[in-house]
Amino acid sequence: MSIPRPRPRTLLITAAVTASASLSLIPLASAHTTPAAAKPTVVLVHGAFADASSWNGVVERLQRDGYPVIAPANPLRGLAEDSTYVASILASVKGPVILVGHSYGGAVISQAAAGDPQVKALVYIAALVPDKGEKLSTLSDKFPGTNELAPALRPVPFSNSDGTNGSDLYVDPTRFRAVFAADLPASQTVVMGAEQRPVAAAAFASSATAAAWRTIPSWALVARQDEALGAPLERFEARRAHSHTVEINSSHVALISHPGTVTHLIEDAATSTAP
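Residues numbered from 1 in each chain as written. Predicted model: local features only at pLDDT ≥ 70, side-chain atom pairs only at ≥ 80, totals over all residues. Heavy atoms only, no water.

The next point concerns the environment of Ser-159. The residue Ser-159 is located in strand β5 (residues 153–159) in this model. Given a relative accessible area of 59%, Ser-159 falls into the exposed group. Setting aside residues up to four positions removed in sequence, Ser-159 forms contacts with Thr-164 and Asn-165. One polar contact links Ser-159 to Asn-165, side chain to side chain, over a distance of 2.9 Å. (Helix = DSSP H or I, 4+ residues; strand = E, 2+ residues; numbered from the N terminus. Buried < 20%, exposed > 50% of the residue type's maximum accessible area, 1.4 Å probe, protein only. Contact = heavy atoms within 4.5 Å. Polar contact = N/O pair within 3.5 Å; in protein donor to acceptor, adjacent residues only side chain to side chain.)

This is the structure:
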């Protein structure tokens, strides 16, 4: 004798009951699990006598760790112009930003980030960190005898299309390695010295109009063998800004000679300020 098949409606009801019983075994919290928060965008601002490629080792590591990265070309024309340009880059970024500056780039980010709620942390790598109203040349000379940059600078006059004139500053190629990058191979620093991007002399004659580090948490790397700015200045700035500080044995270009340490400091700033 054959067994009658259940009607289609009975099959549907049975399936629904089975599914309902299975769902009841799933922990309630799993239905409300939220995805991990997106990582902040890291914006890297280079300093004088360099270009964005100086961040290559740091960019590679940050990207490998899942961070969106932007390393714009700092115009190096003056603090007002450069900070305005970087502020426009920040305005194009959606979501939180970790803003990083090396050398003169530190002064640029301190002004560019002022009043920007998206910037969650400032990271200074062997950087100038001026206070509001402080002239960069005065700050860099605060600890006489602790740096060799000023004597190594060579001015080169230039003319603009509007008839105005100015002067660009270069580091004497014969002193570039000793002052700027003593912990890199000579074969590398010879190329860096030839390819250096000058900064307008007017940049160091300008005064900061804002100091974002007064309201935004900051991290700082002090390079103990820095002959361009000097470790005493970097320590003073870090203490003044109440920065989370690390010190390493490095020349001025720690971002090139110690990219792993620099990356770790940036990621520490990112995780420490994450919501």
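More follows now that the structure is in view.
Bringing the nonpolar core into the picture now. Counting residues in hydrophobic clusters, the biggest one holds 77 residues, and the most contacted among them are Leu-44, Leu-99, Leu-122 and Ile-266. A per-element tally of this core places strand β4 (residues 119–125) first, with 6 residues. If we ignore the near neighbours within four places in the chain, the residues touching Leu-99 are Val-43, Val-45, Leu-90, Ile-109, Ala-113, Val-119, Ala-121, Leu-122 and Val-123. (Core = buried A, V, L, I, M, F, W, Y, C linked by side-chain atoms within 4.5 Å.)

Burial runs high along strand β8 (residues 218–223): 6 of the 6 residues are buried. Residues Ser-218, Ala-220 and Val-222 of β8 are buried on one face, and the alternating residues Trp-219, Leu-221 and Ala-223, pointing to the opposite face, are buried as well. Examined bridge by bridge, β8 and strand β9 (residues 244–248) share 5 bridges and lie parallel to one another. When the bridges of β9 are listed, Ala-223 appears paired with Ile-248. Viewed along the sheet, the connection from β8 through helix α10 (residues 231–240) into β9 turns out right-handed. (Pairing = 2+ DSSP bridges. Right-handed = clockwise from strand over helix to strand, strands pointing away.)

Not every positive phi belongs to a glycine, and Leu-76 is a case in point at roughly 60°. Inspection of the secondary structure puts Leu-76 in the loop between β2 (69–70) and α3 (79–91). Take Leu-76: its relative accessible area is 0%, and that puts it in the buried class. Of note, Ser-103 is a non-glycine position whose phi angle comes to about 55°, a positive value. The exposure class of Ser-103 is buried, given its relative accessible area of 8%.

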